[in-house]
Amino acid sequence: IEDTRTLEYITALGQHIVQFVPSAETHRDWTFGVIDSSSVNAFAAPGGYVLITRGLLVLMETEDQLAFILAHEISHVVKQHHLKVIQKQVQMLEVISKMQGNMPDSNDLFKELSGIYRNFATKGLDKNAEHEADLDGTLLATRAGFNSYSGQEVLFILSEFYKKGNEAELFFKTHPHPLARIDRLTELLPDQLEKFATNSEPSSAFRLLKR
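Caption draft 1: Fine view of the overall build of the protein. Along the protein, the regular secondary structure elements total 10 helices and three strands. Secondary structure elements of the protein occur, N-terminal to C-terminal, as α-β-β-β-α-α-α-α-α-α-α-α-α. Every one of the 211 residues in the protein was classed for burial, and the buried ones make up 43%. For the protein, the proportion of contacts with a sequence separation of at least 24, taken over those separated by at least 6, is 68%. Working note: accessible area of the protein is about 11,500 Å², and carbon and sulfur atoms make up 54% of it.

Caption draft 2: Just the confidence of the model for the protein, in detail. Per-chain confidence: the protein averages 79 in pLDDT, with 72% of residues scoring 70 or above. For the protein, per-element mean pLDDT is lowest for helix α5 (residues 108–118), which scores 48, and highest for helix α1 (residues 4–17), which scores 96.

Caption draft 3: Examining the packing of helix α3 (residues 63–78) against helix α7 (residues 150–163) more closely. Between α3 and α7, whose axes approach to 8 Å, the crossing angle comes to 90°. When the axes of α3 and α7 are compared, the pair comes out roughly perpendicular. Side by side, α3 and α7 meet where Asp64, Gln65, Phe68 and Ile69 of the first sit next to Ser150, Gly151, Glu153, Val154 and Ile157 of the second. Classifying every residue of the contact of α3 with α7 by side-chain character gives four nonpolar, three polar and two charged.

Caption draft 4: Seen up close, the environment of Asp36. Secondary-structure assignment places Asp36 in the loop between β1 (31–35) and β2 (42–45). Placed 34 residues apart in sequence, Asp36 and Glu2 show a C-alpha to C-alpha distance of 8.3 Å.

Caption draft 5: Looking closely at α1. Its 14 residues give α1 an end-to-end C-alpha distance of 20 Å, which sits within 8% of 20 Å, the value for a rise of 1.5 Å per residue. Turning to α1, its buried residues number three or more, namely Thr6, Tyr9, Ile10, Leu13, Gly14 and Ile17. Taken around the axis of α1, the buried residues stretch over an arc of 125°, which confines them to a single face. Backbone nitrogen of Arg5 and a side-chain oxygen of the N-cap are separated by 3.1 Å at the start of α1; the cap is Asp3.

Caption draft 6: Seen up close, a nonpolar patch on the surface. Residues Ile35, Phe43 and Leu51 make up a contiguous nonpolar surface patch of roughly 200 Å² in combined accessible area. Of note, Leu51 is situated in strand β3 (residues 49–53). With relative accessibility at 34%, the residue Leu51 sits in the partly exposed group.

Caption draft 7: How the structure looks around the packing of aromatic side chains. In this structure the tally under the stated criterion is one aromatic pair. With a centroid separation of 6.4 Å and 50° between ring planes, the pair formed by Tyr9 and Phe206 is classed as tilted. Of the two residues, Tyr9 is situated in helix α1 and Phe206 in helix α10 (residues 204–209); the sequence distance between them amounts to 197 residues. For the pair shown, Tyr9 and Phe206 are each scored as buried.

Caption draft 8: Seen up close, the pattern of salt bridges. Applying the stated criterion to the full structure yields four salt bridges. One salt bridge connects Arg54 with Asp36, and the closest N-O pair in it is separated by 2.7 Å. Linking Arg54 in helix α2 (residues 54–59) with Asp36 in the loop between β1 and β2, this pair joins segments that are 18 residues apart in sequence. Its relative accessible area of 53% is what places Asp36 among the exposed residues.

Reading guide: rules and limits
Residues numbered from 1 in each chain as written. Predicted model: local features only at pLDDT ≥ 70, side-chain atom pairs only at ≥ 80, totals over all residues. Heavy atoms only, no water. Helix = DSSP H or I, 4+ residues; strand = E, 2+ residues; numbered from the N terminus. Buried < 20%, exposed > 50% of the residue type's maximum accessible area, 1.4 Å probe, protein only. Contact = heavy atoms within 4.5 Å. Areas by Shrake-Rupley, 256 points an atom, 1.4 Å probe, with all protein chains shown as cover. pLDDT = per-residue confidence, 0-100. Axes fitted to C-alpha atoms, helices over the stretch in contact; angles between N-to-C directions. Parallel < 35°, antiparallel > 145°, perpendicular 65-115°, else oblique. Nonpolar A, V, L, I, M, F, W, Y, C, P; charged D, E, K, R; others polar. Expected span 1.5 Å × (residues − 1). Arc of directions from axis to C-beta. Polar contact = N/O pair within 3.5 Å; in protein donor to acceptor, adjacent residues only side chain to side chain. Patch = residues over 30% accessible without salt bridge, like charges linked within 9 Å, V, L, I, M, F, W, Y side chains within 5 Å. Salt bridge = Lys/Arg side-chain N within 4 Å of Asp/Glu carboxyl O. Phe/Tyr/Trp six-rings, centres within 6.5 Å; stacked < 30°, edge-to-face > 60°.

Shown next as structure tokens:
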């Protein structure tokens, strides 16, 4: 997006949250941004890139909810979820390439497999990776001073969005159903986090964003 104020705010919020990641991860050149799209989604990429769409940003009602989304994506990077998928793809493509080299004729099946792995970004991560990022994102956002229940709030908002006929959204094709994520997150969260289940005082930048 071209709105400098919004970009600066998202960057400031993201940089605040990454101060609470494990010390080994603070060296990353973390980069945050907002994609000018009405689609509801957020993305992470190896190296420390975290992006949220304008559509998801608008959908969030509190700063704590927004913090959870950024913390969730940061956790994907910290746990190297995307990097592990890419490494597996590279290994598989190498096997495919070797097999093709040993065959006298080109095989369309191998071409199709290669295409699937090249387009993994549209297929999402393993469900366990999403559940892990939900838990780690909640713990990270809580350490950063935000509502420990904001993750459940975000997922409930997304489930309502889902019910309104938005099943075709890429988000819902690449993630477990929000209600299933709420159940799993509630099961995994330690009871001690209940005392941190209050919203933080929203920043002036967030108030301006929501005007």
